[in-house]
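Survey of secondary and tertiary structure
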Amino acid sequence: MTKRQKLIEIFDKLLERFGPQEWWPADSAFEVAIGAILTQNTSWQNVERAIANLKKARRLSFNGLSRLKEKELARLIRPAGYYNIKAGRIRNFLRFLEENYRGSLGRMRSKDTGTLRKELLSVNGIGPETADSILLYALEKPVFVVDAYTRRIFSRHRLAGPKADYEALQRLFMANLTRQPALFNEYHALLVKLGKDYCKKTKAACGICPIYEKK
DNA sequence: CACCAGGCAAGTA
DNA sequence: TACTTGCATGGT
């Protein structure tokens, strides 16, 4: 069994068990990018409240957010937690868009993925997962998103070392699967679904995990 | 009450 | 390089 076959087998089991996840839940690419920052170490449910506040205030756009004072932005995204930190990070991202793409996320699409990733990582507040989430889910670039669930699931199934870093885990997927945005999209979303339902930090339900196998 | 959630940066050794 | 800590709300 090659790594590729193993990765595809897991994907097929997850898809059969959970069905398509329909990621990323958002009305625009811009909303995806803002959501990616808001969901850093935060439950999606809390992010939804923050997004709802921004929509209700009609501020969920580059111009809308740009005209907000940092304190006011922080107030609106309060439910997402770390609101002072995240308000600053969102403003860093807005300034990045303003200075490099005249405020248009869509204008990023024409550049190559590697360059875009470095640019995003240069923004204070955007790390590997946030950058890759924007690349894959907002710009549809073929980049695999790794998160805490991915690391936990693959470590517990002994498919990766417990101390495998982000890039190593990402390479496992990207070097062994065809680089299709749609496949990476669904795979990551399914791993999050599995993590939420069966692979929590302490309460692991490995015995009934859909990809569990007896030795 | 404790623990967790779709991280990241800054500080320390 | 490899830890450790602060950031914070809302659900279980």
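Structure: see above.
Everything numeric in this text was worked out from a predicted model, so none of it was measured. (Residues numbered from 1 in each chain as written. Chains lettered and ligands numbered in written order. Predicted model: local features only at pLDDT ≥ 70, side-chain atom pairs only at ≥ 80, totals over all residues. Heavy atoms only, no water.)

**What to know about the protein's contact with DNA strand C**
Basically, it comes down to this: Proximity criterion: a residue is near a molecule or strand once any of its heavy atoms comes within 4 Å of it. Here a polar contact means two N or O atoms within 3.5 Å. Within protein one must be a hydrogen donor candidate and the other an acceptor candidate, and residues neighboring in sequence count only if both atoms are side-chain atoms. Helix numbering and strand numbering both begin at the N terminus, where a helix is a DSSP run of H or I of at least 4 residues and a strand a DSSP run of E of at least 2. Each residue receives one of three labels: charged for Asp, Glu, Lys and Arg, nonpolar for Ala, Val, Leu, Ile, Met, Phe, Trp, Tyr, Cys and Pro, and polar for the others, Gly being one of them.
Near DNA strand C you find Asn-41, Gln-45, Asn-46, Arg-49, Arg-78, Pro-79, Gly-81, Tyr-82, Tyr-83, Asn-84 and Ile-85, and these make up its full shell. Take the atoms of DNA strand C that sit within 4 Å of the protein: sugar and phosphate atoms are 58% of them. At a separation of 3.0 Å, a base oxygen of DNA strand C approaches a polar side-chain atom of Asn-46. In this structure, Ile-85 approaches DNA strand C through a main-chain N or O atom, which is 3.1 Å from a phosphate oxygen. Residue assignment for the surface near DNA strand C shows that the elements contributing at least two residues are helix H3 (44-56) and helix H6 (83-101). Its residues assigned to classes, the surface near DNA strand C comprises four nonpolar, five polar and two charged.

**Comments concerning the nonpolar core**
Quick note on the threshold: We call a set of buried residues a nonpolar core when its members are Ala, Val, Leu, Ile, Met, Phe, Trp, Tyr or Cys and they connect through side-chain atoms within 4.5 Å of each other. Three exposure classes are used, based on accessible area relative to the maximum for each residue type with a 1.4 Å probe and protein chains only: buried under 20%, partly exposed in between, and exposed over 50%. Here, residues are in contact when the closest pair of their heavy atoms is within 4.5 Å.
In this structure, Phe-93, Phe-154 and Tyr-187 are the most contacted members of the largest nonpolar core, which totals 70 residues. A per-element tally of this core places helix H11 (residues 181-198) first, with eight residues. Setting aside residues no more than four positions away along its own chain, Phe-93 makes contact with Ala-33, Ile-34, Ile-37, Leu-105, Leu-120, Val-123, Ile-126 and Ile-134.

**Overview of the protein's contact with DNA strand B**
Taken together, 25 residues are adjacent to DNA strand B, and Trp-24, Gly-127, Thr-130, Tyr-149 and Thr-202 come closest. Within 4 Å of the protein, the atoms of DNA strand B are drawn from sugar and phosphate moieties in a proportion of 70%. Here a phosphate oxygen of DNA strand B and a side-chain polar atom of Arg-152 are 3.2 Å apart. Listed by contribution, the elements that provide at least two residues to the surface near DNA strand B are helix H8 (128-138), helix H9 (148-156) and H11. For the surface near DNA strand B, the per-class residue count stands at nine nonpolar, ten polar and six charged.

**A word on the side chain of Asn-92**
Here Asn-92 lies in helix H6. Judged by its relative accessible area of 18%, Asn-92 falls in the buried class. With residues near it in sequence (within four places) discarded, Asn-92 still touches Val-123 and Asn-124.

**Some remarks on the environment of Leu-183**
On the secondary structure map, Leu-183 appears in helix H11. Given the relative accessible area of 17%, Leu-183 is considered buried. Between the C-alpha atom of Leu-183 and that of Phe-11, which follows or precedes it by 172 residues, the distance is 9.2 Å. Not counting chain neighbours up to four residues away, the residues in contact with Leu-183 comprise Phe-11, Leu-177 and Thr-178.

**Notes on the pattern of salt bridges**
This is how it is decided: Any Lys or Arg side-chain nitrogen found within 4 Å of a carboxyl oxygen on Asp or Glu counts as a salt bridge.
Following the criterion strictly, the structure yields eleven salt bridges and no others. Across the pair Lys-193 and Asp-197 runs a salt bridge whose closest N-O atoms are separated by 3.1 Å. Of this pair, Lys-193 and Asp-197 both sit in helix H11, separated by four residues, roughly a single helical turn. Given the relative accessible area of 28%, Lys-193 is considered partly exposed. A residue is classified by how much of its surface remains accessible, and Asp-197, at 39% relative accessible area, is partly exposed. Beyond isolated ion pairs, a larger network of salt bridges with shared partners links Lys-6, Glu-9, Lys-13 and Glu-213.

**Structural notes on the side chain of Thr-130**
Looking at the element boundaries, Thr-130 is found in helix H8. Taking relative accessible area as the criterion, Thr-130 reaches 7% and is therefore assigned buried. Of note is the side chain of Thr-130, whose polar atom sits 2.9 Å from the side chain of Gln-40. In this view, Thr-130 contacts Ala-36, Ile-37 and Gln-40; residues no more than four positions away in its chain are not counted.

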